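Coordinates in review
Now for the letters of each chain:
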2 protein chains.
Amino acid sequence: MPDQIGYLGPAGTYTEQAALLYAPDAELRPYPTISAVGAAVVADELESGVVPIENSLEGSVTFTLDLLIAESGLSICNEVVIPIDHYLVAPPGVSADTVEVIYSHPQALAQCRAYLGEHFPTVTREASLSTVAAVIDMQASRVPAAAICPQRATEIYDVQVIAQSIQDNSANQTRFVALAHDDHPPTGHDRTSISFAFAIDRPGNLYHAIGEFSERNINLVKIESRPTKQELGRYIFLIDCEGHREEPAVAAALHGLREYADVFKILGSYPCWEPSAG
Amino acid sequence: MPDQIGYLGPAGTYTEQAALLYAPDAELRPYPTISAVGAAVVADELESGVVPIENSLEGSVTFTLDLLIAESGLSICNEVVIPIDHYLVAPPGVSADTVEVIYSHPQALAQCRAYLGEHFPTVTREASLSTVAAVIDMQASRVPAAAICPQRATEIYDVQVIAQSIQDNSANQTRFVALAHDDHPPTGHDRTSISFAFAIDRPGNLYHAIGEFSERNINLVKIESRPTKQELGRYIFLIDCEGHREEPAVAAALHGLREYADVFKILGSYPCWEPSAG
């Protein structure tokens, strides 16, 4: 029986593209929210679940960070990075020069502003709930319509592609993580994510915490803060560092930080994403 | 002539409440977006403009951070913190026990989940674009409706208050900042916000940066990262520290960091918000 892998749905989204790349032979199941994916992993309905965690233009997906902080039964076991490549589509037989309205998620519309301004300067832009809902809104439109959607949606829905890669900034990438009960064994090219917090606000708290990594020459890939939800101005810190938690230097840094911080959680060690050569 | 102060509108929002607290005698002008407030300040249409920057449950308002990073003509000149206190309202004459639908912004609906579950378990919840749009959606409803909105909206619109302070978490607060050309002179109880970035990813970059503050015993209030929008995994860091940029210790730390970082901007020094005794 193939693995059951969940993802933030619906089908046709960039998250489904990431899940297909992560587990091409699995049975993929869409879930309506990030927390529903996490709950299904915790309840053993799934081997793992794929959710977005960070976009190169928009920043962190805070729902995913907060889920990882709050849910003790979830670890990051893998990551997938995909380019966000927007397609302009129309129903079969609708000619691009007759289009009166273009649907998409507001972020996607904003990310294609230059293309739309050049090719469709007078066409109305309408917000949809997602880049896949945009295709459905387009199909239901009474006037000739187009939609901006992922490549994956063009395989699922009966649409014709008017143009591809219409985003203004080619550096638009999203990082997804696979969530599971356990993280990944060492591969030699790994990353580790942790969260920690201090009960008392002292000068030097964060300096000492980061020093555990710096004095062992471990590179910090990322640092982020999230509210504790108890008091304005109190934070939970999230750090991604290079290396696996079982490597001696990383293990020593984590041990040092665990002694020093009042709240500490290893979110997981997992292989760094490497785009396949093909 | 009174000062012209802009804010993220429309009237009736928590941002208008913050602007009224910040500048009770000013002429307040609503703007449709955070960037429109910033542009009006840069264009000298306003003395200053009030926008949200951080909520104790949701975290940072990334639009505001990105505007401060990108716009060289804007500084933070003040801050205001207000409690987010949700009111349940209905049109005059509509009895609470006849209500069939409750409108609000999805965040406000989520923040009142326990109250709604207890008092309105079977009532439909509908999303509105803002907590003020919810009042307008309620007024346009064909069936008896209610809305969750700020106290300020109950002064502007013809509504009756069914209940107040219906949020589940009483620690719900939002911090707003006033943006202007110049920041604030020292008051003795100030905070300074900066942004910085490194051209090359070296172990210890952030450790050295934070060390400039730690070795001078300056408390870091907050650290945040935002994407550079050029490449996934490259960040601009934002730090809030205690003290004014003209105080010698803070000035020395900022000088040290400016020498070390490849991108560096002082976003402003401004008085820490103190709720009035009244």
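Small disclaimer: the values here were computed from a predicted structure and weren't measured.

1. Digging into the environment of B:Ala253
Residue and element names in this part refer to chain B. By secondary structure assignment, the location of Ala-253 is in helix 9 (residues 248-260). A count of 26 C-beta atoms within 10 Å places Ala-253 in the buried class. The spacing of Ala-253 and Glu-215 is 38 residues in sequence and 8.8 Å in space, taken between C-alpha atoms.

2. Observations concerning the sheet that holds strand 15 (residues 263-271) of chain B
Residue and element names in this part refer to chain B. Spatially, 13-14-12-15 is the arrangement adopted by the four strands of the open sheet, whose pairing is antiparallel. Only two strands of the sheet have a single neighbouring strand rather than two, namely strand 13 (220-227) and strand 15. On average, each strand axis in the sheet is tilted by 15° relative to the strand beside it, whichever way the strands run. Note: strand 12 (residues 190-197) against strand 14 (residues 235-242), six bridges, orientation antiparallel. By the bridge assignment, Ser-193 is partnered in strand 14 with Asp-240.

3. Quick look at the pairing of strand 1 (residues 4-8) of chain B
All names here are of chain B. Buried residues dominate strand 1, accounting for four of its five residues. Where strand 1 and strand 2 (residues 27-31) come together, five bridges link them in parallel fashion. If you follow Tyr-7 over to strand 2, its bridge partner there is Pro-30. In this fold, the crossover linking strand 1 to strand 2 by way of helix 1 (residues 14-22) has right-handed handedness. Sheet topology note: the strand 1/strand 3 (residues 48-55) ladder contains three bridges and is parallel. Residue pairing across strands places Tyr-7 opposite Val-50, the latter belonging to strand 3.

4. Considering the relation of the copies chain B and chain A
The operation relating chain B to chain A is a screw motion whose rotation component is 180°, with 0.0 Å of axial translation and a residual RMSD of 0.0 Å. The superposition operator between the copies reduces to a two-fold rotation axis. By C-alpha distance to the rotation axis, the residue of chain B lying nearest is B:Glu224, at 2.6 Å.

5. Observations regarding the interface of chain B and chain A
Contacts between the two partners involve 34 residues from chain B and, on the opposite side, 34 residues from chain A. Sorting the residues of the side of chain B that touches chain A by element identifies strand 11 (173-180), helix 8 (205-214) and strand 13 of chain B as the ones contributing at least two each. Broken down by element, the residue count for the side of chain B that touches chain A peaks at eight residues, all from strand 13 of chain B.

6. Some points on helix 9 (residues 248-260) of chain A
All names here are of chain A. Helix length check: helix 9, at 13 residues, gives a terminal C-alpha distance of 18 Å against a target of 18 Å (1.5 Å per residue), a fit within 8%. Among all positions in helix 9, only Val-250, Ala-253 and Leu-254 are buried. Buried positions in helix 9, seen along its axis, are confined to an arc of 95° and lie on one side of it. Helix 9 presents Pro-248, His-255 and Glu-259 as exposed residues on the side facing more than 90 degrees away from its buried surface. Where helix 9 is buried, its residues touch strand 12 (190-197), helix 8 (205-214), strand 14 (235-242) and strand 15 (263-271).

7. Describing the environment of B:Ser269
Residue and element names in this part refer to chain B. Tracing the chain through its elements places Ser-269 in strand 15. Judged by local crowding, Ser-269 falls into the buried class, with 26 C-beta atoms found within 10 Å. On a C-alpha basis, the gap between Ser-269 and Ile-76 in space is 6.9 Å, while along the polypeptide they are 193 residues apart. The residues touching Ser-269, leaving out its near neighbours within four places in the chain, are Asp-183, His-184, Asp-190, Thr-192, His-244 and Arg-245.

8. Points about the domain arrangement of chain A
By convention, interface size is frequently given as the accessible area that disappears when the constituent parts associate. Domain parsing of chain A yields domain 1 (1-83 + 173-182), domain 2 (86-164) and domain 3 (184-278). Distance between the C-alpha centres of domain 2 of chain A and domain 3 of chain A: 41 Å.

9. Considerations on the sheet that holds strand 10 (residues 160-164) of chain A
All names here are of chain A. Sheet architecture is open: five strands sit in the order 8-7-9-6-10, paired in mixed fashion. Each edge of the sheet is formed by a strand with only one pairing partner; in this case those strands are strand 8 (124-127) and strand 10. Neighbour-to-neighbour, the strand axes of the sheet open up by a mean angle of 30°, direction not taken into account. When strand 6 (residues 86-90) meets strand 10, the two strands line up antiparallel, connected through four bridges. Residue pairing for strand 10: Val-89 is matched across the bridge by Val-161. Set on the sheet, helix 6 (residues 133-140) makes contact with strand 6, strand 7 (101-104), strand 8 and strand 9 (145-150); between it and strand 9 the angle comes to about 165°.

10. Section: the confidence of the model for chain A
Residues of chain A with pLDDT of at least 70 account for 99%, and the chain-wide mean is 93. Among the scores for the predicted complex, ipTM is 0.86 and pTM is 0.89.

11. A look at the packing of helix 8 of chain B against helix 9 of chain B
All names here are of chain B. Taken N-terminus to C-terminus, the directions of helix 8 and helix 9 make an angle of 165°; their axes are 8 Å apart at the nearest point. Taken together, the axes of helix 8 and helix 9 lie roughly antiparallel to each other. Remark: the crossing between helix 8 and helix 9 carries right-handed chirality. On helix 9, the residues touching His-208, Ala-209, Glu-212 and Phe-213 of helix 8 are Ala-253, Gly-256, Leu-257 and Tyr-260. Of the residues assigned to the contact of helix 8 with helix 9, the class counts are five nonpolar, two polar and one charged.

12. Observations regarding the pairing of strand 6 of chain A
Residues and elements named next belong to chain A. Burial analysis of strand 6 places five of its five residues in the buried class, the great majority of the element. Burial along strand 6 is two-sided: His-86, Leu-88 and Ala-90 and Tyr-87 and Val-89, pointing in opposite directions, are all buried. The pairing of strand 6 with strand 9 spans four bridges and is classified as antiparallel. Across the sheet, residue Leu-88 finds its bridge partner in strand 9, namely Ile-148.

13. Digging into the nonpolar core
One finds A:Val50, A:Val51, A:Leu179, B:Val50, B:Val51 and B:Leu179 to be the most contacted residues of the largest nonpolar core, which totals 104 residues. If near-sequence neighbours (up to four positions away) are discounted, A:Val51 is found in contact with A:Leu8, A:Thr15, A:Ile34, A:Val37, A:Thr64, A:Phe176, A:Val177 and A:Leu179. If you look at the next biggest cluster of nonpolar residues, it comprises 24 residues, including A:Tyr103, A:Ile148, A:Ala153 and A:Ile162.

14. Let's talk about the packing of helix 8 of chain A against helix 8 of chain B
With their axes 9 Å apart at the nearest point, helix 8 of chain A and helix 8 of chain B run at an angle of 150° to one another. With respect to each other, helix 8 of chain A and helix 8 of chain B are oriented roughly antiparallel. Every pair of crossing elements has a handedness; the one defined by helix 8 of chain A and helix 8 of chain B is left-handed. Here A:Leu206, A:Tyr207, A:Ile210, A:Gly211 and A:Ser214 of helix 8 of chain A lie close against helix 8 of chain B, whose contacting residues are B:Leu206, B:Tyr207, B:Ile210, B:Gly211 and B:Ser214. Grouping the constituent residues of the contact of helix 8 of chain A with helix 8 of chain B by class yields six nonpolar, four polar and no charged.

So, how was this worked out
All chains use their own residue numbering, which begins from 1 and follows the written sequence. Following the order in which they are written, the chains are lettered starting with A and the ligands numbered starting with 1. With the structure being a predicted model, the display of local features is reserved for residues of pLDDT at least 70 and the display and counting of side-chain atom pairs for 80 or more, all residues being used for whole-chain, interface and lining totals. Under the DSSP-based scheme used, a helix requires at least four consecutive residues in state H or I and a strand at least two consecutive residues in state E, with every element numbered from the N terminus. Residue burial is a threshold on neighbouring C-beta atoms within 10 Å of the residue's own C-beta, all placed from the backbone, with 20 or more meaning buried, 12 or fewer meaning exposed, and counts in between meaning partly exposed. Each pair of strands is called paired provided DSSP finds at least two bridges between the two strands. Interaxial angles span 0 to 180 degrees and are taken between N-to-C directions of axes, which are lines fitted to C-alpha atoms, for helices over the stretch in contact. Whether a crossover is right-handed depends on one test, that the path from the first strand over the helix to the second runs clockwise when the strands point away from the viewer. We superpose the copies by least squares over the C-alpha atoms of residues that have a pLDDT of at least 70 in both of them. C-beta atoms are placed from the backbone for every residue, and two residues are taken to be in contact when these atoms lie within 7 Å. The span expected for a helix works out to 1.5 Å for each residue beyond the first. It is the directions from the helix axis to the C-beta atoms whose arc is reported. Just so you know, the domain bounds were taken from an automatic or database domain assignment. Scored between 0 and 100, pLDDT is the confidence that the predictor attaches to each residue. Roughly parallel refers to an angle under 35 degrees, roughly antiparallel to one over 145, roughly perpendicular to one between 65 and 115, and oblique to any angle outside these ranges. Put simply, a crossing is left-handed when the front helix is turned counterclockwise from the back one by less than a right angle, and right-handed when it is turned clockwise. Ten residues, namely Ala, Val, Leu, Ile, Met, Phe, Trp, Tyr, Cys and Pro, are considered nonpolar, four, namely Asp, Glu, Lys and Arg, are considered charged, and the remaining ones, Gly among them, are considered polar. A set of buried residues qualifies as a nonpolar core if it consists of Ala, Val, Leu, Ile, Met, Phe, Trp, Tyr and Cys joined through C-beta atoms within 7 Å.

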